[in-house]
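Coordinates in review
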Amino acid sequence: MAGTPINIVVGSHVWIEDPKEAWIDGEVIKITANQVHVSTTNGKTAVSDISKVHPKDMEAPAGGVDDMTRLSYLHEPGVLDNLKARYELNEIYTYTGNILIAVNPFQRLPHLYDTHMMEQYKGADFGELSPHVFAIADVAYRAMINEGKSNSILVSGESGAGKTETTKMLMRYLAYLGGRSGTEGRTVEQQVLESNPVLEAFGNAKTVRNNNSSRFGKFVEIQFDKTGRISGAAIRTYLLERSRVCQINTPERNYHCFYFLCAGPKEDVERFKLGEPKSFHYLNQSNCIEADGINDAEEYLATRRAMEIVGISEEEQEAIFRVVAAVLHIGNIDFAKGTEIDSSVIKDDKSRFHLNTAAELLMCDASNLEKALITRLIITPEEIITRTLDPESAVTSRDGLAKTVYSRLFDWIVEKINVSIGQDANSKQLIGVLDIYGFESFKVNSFEQLCINYTNEKLQQHFNQHVFKMEQEEYTKEQIDWSYIDFIDNQDVLDLIEKKTGGLISLLDEACMFPRSTHETFAQKLYTTFKNNKRFLKPKLSRTAFSIVHYAGDVTYQADHFIDKNKDYVVAEYQDLLNASKCNFVAGLFPPLPEETSKSSKFSSIGARFKLQLQALMETLSSTEPHYIRCVKPNNVLKPSIFENVNVIQQLRCGGVLEAIRISCAGYPTRKTFYEFLHRFGVLAPEFLDGNVDDKVACRKILDKLGLLNYQIGKTKVFLRAGQMADLDARRTEVLGRAAKIIQRQIRTYIARKEFVRHKRSAIYIQSLCRGMVARKTYEMMRREAAALKIQKNTRKYFAKKSYLQKQNSAIAIQAGLRALSARKEFRFRKETKAAIQIQAKWRGHREKIHYKKLKLTTLMYQCAWRQRIARKVLRTLKMAARETGALKAAKDQLEKRVEEMALRVQYEKGLRANAEKAKEKEVVRLNEQLREMQLQVEEAKSAVMKEKEAARRAIEEAPPVVKETLVHVEDTVKVNALTAELEQMKAMLEKEREASEAAKKAQLETEKRNEELIKKVEDSDKKIEQLQDTLQRLEEKTTSLEDECKVLRQQTVAISSPTAKQQMLMFPNRNILETPQNGGIHNGEMRTPIPMMQAMSPMTDRKEIEPEEKPQKSLNEKQQENQEILIKCISQDLGFSSGRPIAAVMIYRCLLHWRSFEVERTSIFDRVIQTISSSIEMQDNTDKLAYWLSNSSTLLLLLQKTLKSSGAIHSTPQRRRTPSSTLFSRIPSVRASPQSIGRALLGGRQVEAKYPALLFKQHLTAFLEKIYGLIRDNLKKEIAPLLGLCIQVPRTARASLIKGTRSHGNPKEHQNLMAHWQSIVASLTNYLKIMKANYVPPLLVRKVLTQVFSFINVQLFNSLLLRRECCSFSNGEYVKAGLAELEHWCFNATEEYAGSAWDELKHIRQAVGFLVIHQKPKKTLQEITKELCPELSIQQVYRISTMYWDDKFGTHSVSSEIIASMRTKMAEEANSQAGSSFLLDDDSSIPFSVDDISKSMTEIETSDIDVPPLVRENSGFAFLNQRKE
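Not measured: the values here are computed from a predicted model.

So, about the overall build of the protein chain. Looking only at helices and strands, the protein chain has 49 helices and 29 strands in total. The 1526 residues of the protein chain split such that 46% are buried. The long-range fraction of contacts in the protein chain, counting pairs at least 24 apart against all pairs at least 6 apart in sequence, stands at 73%. Carbon and sulfur atoms make up 53% of the accessible area of the protein chain, which amounts to about 80100 Å² in all.

On the surface, a cluster of positive charge is contributed by Lys477, Lys696, Arg700 and Lys715. Locating lysine 696 in the fold gives a position in helix α26 (residues 695-706).

Sheet architecture is open: five strands sit in the order β4-β3-β2-β1-β5, paired in antiparallel fashion. A strand with exactly one partner marks an edge of an open sheet, and here the two such strands are β4 (45-49) and β5 (54-55). Pairing of strand β1 (residues 13-18) with β5, which is carried by two bridges, proceeds in the antiparallel orientation. Each bridged residue has a counterpart across the sheet, and for valine 14 the counterpart in β5 is proline 55. Docked against the sheet, helix α1 (residues 76-88) engages β1, β2 (22-32) and β5, running at close to 135° with respect to β2.

Counted under the stated rule, the structure contains 30 aromatic pairs. Relative to phenylalanine 681, the ring of phenylalanine 677 lies with its centre 5.1 Å away and its plane at 50°, an arrangement referred to as tilted. Pair noted here: phenylalanine 677 and phenylalanine 681 are both in helix α25 (residues 674-681), with a separation of four residues, about one helical turn. Residue class for phenylalanine 681 comes out buried when judged on its relative accessible area of 0%. Taken together through their ring pairs, the aromatic side chains of Phe447, Phe522, Tyr527, Phe530, Phe536, Phe546, Tyr557 and Phe562 make up a single cluster. Above the plane of the ring of phenylalanine 272 lies arginine 271, whose end atom (NZ or CZ) is 5.0 Å from the centre. A cation over a ring is seen here: lysine 1417 above phenylalanine 1411, with NZ or CZ 5.9 Å from the ring centre.

This part takes up the pairing of strand β7 (residues 99-103). Among the five residues that make up β7, five are buried, leaving the element largely enclosed by the rest of the structure. In β7, alternate side chains face the same way, and those of Ile99, Ile101 and Val103 on one face and Leu100 and Ala102 on the other are all buried. Summarising the sheet, strand β6 (residues 93-96) and β7 pair through four bridges and their orientation is antiparallel. Residue pairing for β7: tyrosine 93 is matched across the bridge by alanine 102. Hairpin connection between β6 and β7: a loop of two residues separates the two successive antiparallel strands, and glycine 97 in this loop has a positive phi of roughly 70°.

Okay, a nonpolar patch on the surface next. A contiguous nonpolar surface patch, about 420 Å² in accessible area, is contributed by Ile743, Ile747, Tyr750 and Ile751. With respect to the element layout, tyrosine 750 can be found in helix α27 (residues 724-915). The exposure class assigned to tyrosine 750 is exposed, which follows from its relative accessible area of 53%.

Looking now at the pattern of salt bridges. Pairing between side chains of opposite charge can happen when the charged atoms of each approach one another. Tallied over the entire structure, the rule returns 32 salt bridges. For arginine 784, the salt bridge identified is with glutamate 780, shortest N-O distance 3.7 Å. Of this pair, arginine 784 and glutamate 780 both sit in helix α27, four residues apart, which is roughly one turn of the helix. According to the relative accessible area criterion, arginine 784 is exposed, its value standing at 57%. Residue classification places glutamate 780 among the partly exposed residues on the basis of a relative accessible area of 27%. The closest approach of N and O atoms between arginine 830 and glutamate 826, which form a salt bridge, is 3.2 Å.

Membership of the largest hydrophobic core comes to 243 residues, with the highest contact counts inside it found for Phe202, Phe258, Ile629 and Leu1383. The leading source of residues in this core is helix α42 (residues 1339-1363), at 15 residues. One finds Tyr238, Leu526, Phe546 and Ala559 within the second-largest nonpolar core, a separate group that totals 50 residues.

Before going further, it helps to spend a moment on the sheet that holds strand β22 (residues 670-673). Here we have three strands laid out as an open sheet, ordered β22-β24-β23, and antiparallel in their pairing. This sheet does not close on itself; its edge strands, each paired only once, are β22 and β23 (712-713). Both β23 and strand β24 (residues 717-720) contribute to a ladder of two bridges, which runs antiparallel. Looking at the pairing, glutamine 712 lines up with phenylalanine 719 of β24. Sitting on the sheet, α25 is in contact with β22, β23 and β24, with an inclination near 95° to β22.

This part covers empty space enclosed by the protein. By the definition in use, this model includes 15 cavities of 30 Å³ or more. Computed from the structure, the largest cavity encloses a volume of approximately 230 Å³. Lining the largest cavity are 22 residues, and of these Ser156, Gly157, Asn456, Cys654 and Gly655 lie nearest its centre. For the lining of the largest cavity, the secondary-structure elements that each account for two or more residues are β8 (151-156), α15 (447-478), β21 (625-632) and α23 (645-654). If one sorts the elements of the lining of the largest cavity by residue count, β21 sits on top with four residues. Residues that form the lining of the largest cavity fall into these classes: 13 nonpolar, seven polar and two charged. If you add up the space inside the second largest cavity, you get close to 130 Å³. Lining the second largest cavity are Leu89, Asn90, Glu91, Leu109, His111, Leu112, Gln1436, Tyr1439, Arg1440, Thr1443, Met1467 and Phe1479.

What counts, and where the lines are drawn
- Residues numbered from 1 in each chain as written.
- Predicted model: local features only at pLDDT ≥ 70, side-chain atom pairs only at ≥ 80, totals over all residues.
- Heavy atoms only, no water.
- Helix = DSSP H or I, 4+ residues; strand = E, 2+ residues; numbered from the N terminus.
- Buried < 20%, exposed > 50% of the residue type's maximum accessible area, 1.4 Å probe, protein only.
- Contact = heavy atoms within 4.5 Å.
- Areas by Shrake-Rupley, 256 points an atom, 1.4 Å probe, with all protein chains shown as cover.
- Patch = residues over 30% accessible without salt bridge, like charges linked within 9 Å, V, L, I, M, F, W, Y side chains within 5 Å.
- Salt bridge = Lys/Arg side-chain N within 4 Å of Asp/Glu carboxyl O.
- Lys, Arg positive; Asp, Glu negative; His and termini not counted.
- Charge placed at Lys NZ, Arg CZ, Asp CG, Glu CD.
- Pairing = 2+ DSSP bridges.
- Axes fitted to C-alpha atoms, helices over the stretch in contact; angles between N-to-C directions.
- Phe/Tyr/Trp six-rings, centres within 6.5 Å; stacked < 30°, edge-to-face > 60°.
- Lys NZ or Arg CZ within 6 Å of the ring centre and 35° of its normal.
- Core = buried A, V, L, I, M, F, W, Y, C linked by side-chain atoms within 4.5 Å.
- 1 Å grid on protein atoms, 1.4 Å probe; cavity = no way out; pocket = protein on both sides within 12 Å on 5 of 7 lines; lining within 4 Å.
- Points joined across faces, edges and corners; volume = space filled by probe spheres on them.
- Nonpolar A, V, L, I, M, F, W, Y, C, P; charged D, E, K, R; others polar.

So this is what it looks like as structure tokens:
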């Protein structure tokens, strides 16, 4: 679709070739003959031939298109620009027809591959959702299920393009659809992926472009049974690069396993006698030993672990790596010329060492191995001849052995993996995923690149045929004529390579069979044979190189090593040698051959073997329906957000994408739906759009009017030939240009008139300003005159006042000077008088101070004497307190004895209580009084101890302090000496007092310790008393239980003689009075004899009176069974409601309560009720029935919740641990509490102690309530789910009429048709709400149902909006907004009692739609979008809506590029700080309420005054139901 003089004019926007960017856009500024001058976007001017310039679509969406067949111009720059635009938005998948192009993002995008995304693509039509690898897998799976034919998915691309990751995602989705889990809980996908590390270790190597390039083709078969479930899997490998084992070039490496083993643990290296990789010939041919990003030592351990996972045992692993090491040692065996002609021998000791080591590792004879390497057996009819090999032939023989061993080892590993995964031999359907190396073209290309490119030529032919077939199907589907379209084929290149006679591979095999052939003779043979072949080229400056024109471009090959790399002898000596190995593993790699093939050596070439394997692969692919995924590596630095145009365009050529475009261009490359065509080119003939003209007819009229030829009108699309789209755009540009001129003229007129009016208004305004200015000047002059008079007056006043003030100040200054002189004289006199007074005061003070010091010294002496006297008295008091401590201890001992006596007394009282109930109350009172006395004594003892502590503390505080010496200057020496001696005596006495005080403190501490011990003993006594109290409480509870059972026995005895009492006996049909923990057996380890006590308590329990009860008991059970049958029969029918109360629930509750079924240990009534409810809701689509039982089950559950209490609340559960502060006296009243006094009067005046069957019935009822709720909610979801898929996008007819301008505003009928799907949803909601109201379902449950359903609507609409670009349009936003308004109106009519917060659940879709329909999006800031417009949406969701938005109504743009960049930055920060989450919403299918919530929301149910059915009303056994509340 190159440019022509017709559609390329000055001002056209075009693409032009650029050496750096591949293609660059610009604007045509000049055209001279066939030369075009273009001003490019980088500011330069380029000149090119007009035939090499391509038009640019200026109306293409900024975010690109999902399917590149929808591009207006399908050419190289258009495809490249579309991929780049989508890659910048993280849209890595793009369709080209049904071919998926996947650009490697080089970053994790977890939201694209989670389970929610799989659910969206499951069953969706191809092209309905955004392009995705899941869509390809889904199409393949659906085609396999519907047509019963196997499918294949071909994943291709160069190294690093993401083929392996794409394959993983394909298998994940197929495993999700197939749903079969593998062994040990691992899925088939996991098992296949777990084998990847093993296959990569033995089949991957470093190449020029990739450090981990697969050197084999992998075809993963996912096998399915007839039902579409995964039944097995298998891995088929093809085209292993065998020559790499022996020959590599810099900067490549050999297979990874060799380097892994050399870097393995020391013991493994020593065991296999290995060393550095540089020491082995097969590894040191390249300078590259270590690869970036690959730690060989760690990878070795990882490979061992992976081998264990796939089922390779330790012994087999050891044998595998022994074979790998043997291959390395074989490569180090060198040969020298022998003594005979054309013979060879082992070169030196080093080679001998490697020979012996290889034989040892392979467990074969070293001499036989040597003989097999340097000799050949030639079998003739007469004899067997042994022929020696020269050194060169021996090296070839050695390399052949290494390649054969390694190839068979690789095949064994693949077979072992297949056994581990598990194949289905009976499977008739499969989906294959092919992961194979892509087209390669390096600076130096050898035999390996020829084989790889030969494979890609073969696959490209298959791809071209498939693309041409798809084109045919598209044309046939649209019913257009396509018979004259030519098919572009590459069969001539394949003939050049694979032709049996005269093909390149056959010529290479011939050269290998001739001993004297060299690479030069082989090259000359090629030059001679293909000199006239247009696909074969001979370089001018080379004698051994040749070029082949492939579909992806010219590749020059160096034939220097072709012959060596192609040789692959199958030697009988190797077969026999290794088959006889003592190692079973090695012998298994070389099983015995058929007799005819084992007689002699047979030549086999790698090229011929490669050709056969490729044919097998193509046969497999031909038997399946193919699907294609082309992986693209956007840059060579393997970093995100970098898109290298030159690199990508080369990969598109190598991947055949551009070849597919050429095929499309040969037919009708431009395809537009009628709506798109009219939307774009309707301006060329607007007269055809008036009225209700059919779109197809309108398109034909427009094309006929424009005079286009060779176009085609299909059923839904317009098909245009190459160049016609550009012609239409050129004419459209002319029409729009003329329209623009008219608009400009009108705009200029409007602007000129507006300018005139503005000038007129300005002139009037200026005039008014001038008049105002003159008036202001006049006024200013008058004001100045008045001001001058005022200034003169004030000036004169100022000068007069200034003169007066000067004179006044002078007078004041003179007066001040005279007054100051007089004041200074007075001050001097007063100062002298004050100094005299101070001198006198100092002298009198000195005199009185000396007198005071003498009095103070005397006072201190008297104080010391008095304090000594006081200290002696305190000491005597402390000694007396120490003597009284012994008396306190005796009192404590006596108290302990009294406590023990009290405990014995309580025990004695317990025995008395068992024999005589009447004496119990008096004894308890007496015990209480004694215990109170003991408490008073304990309190007195404690208070005495506290008083002693307080007295000791006060004594210590009042002890006299140390008296400090005061130095007094005296003159009487005798008196001073006497006072000094007396002071020394006082110091000694004070020291003694201190020692006595310390002793008193120690005595006090000991007393405190003894007091603490006494307190502990008292606490122990409290604990013993507490235990006695607990025992008394248990005795009272057991006594009460025995009394109840005695009453039951009395009632049963009376029933024997009283016929009217039989109905009362139905309440206790299975009452058992045997020993149980509930009625008086062994309880808490305490032994009892209940039978005698029962006889003592009730003489009515005599055996003679109990025996006659058996016969009436049987009749009572029969009567009860009849009543249960009647109840079950009634509730199995729809009994309806009585005053809003479900009759069935109330009947069940009252019957169970009357029959005391909640209190029995064993009954079947609960199971029968549950079975009746279960059978009634078997029809899960009967909403009316489900709502009826939802109301009944919730009501019954409420009644049970408020009636039942667990029977273990008193008898079984341990009592709470009491706080240490509680005392015996505060706990004694609880002994008198009766179990019947707890929890009265909820319903019927009391709570019932429920046994296990009743509690289990309550649990089952709760489960049924949740199940019925979930069924109603899910039924409503299923009913509206198909409608939601139609509500997310405005109907096409309405959109087309909107574009044509024929839509009539305010037409109720048209609005009703437009909103039909939304109204259907509203009708479904109304119907369900009506049903639940009619069945009196609690409003809480109705609110929860509607809230979850509205949440489901929000999730479905919002996820569809994010996944489908056609939904993110302005008109579609208006349509969805109108539908949401219908739902809002419905919520308002439903009232808040039932709708609740359902409307708030639509917040995501409301905010998203609100964002779609706002104007001036480019002016919105990120803060406004995220905080005001869409506060509930994540940055990922806002980013996706912003990039997918398109305005089909006004043509406005989305948010600015700066906002998009900011969003990307935030998304990257979030991805680094936390795990990536999906931008899709989750549907909540949980149960959002509890039984307590229902109980709190429902009012108390009145169980009386219900209308019972006639069957129950007439039965005397249900007379209690007929009782009316007074």
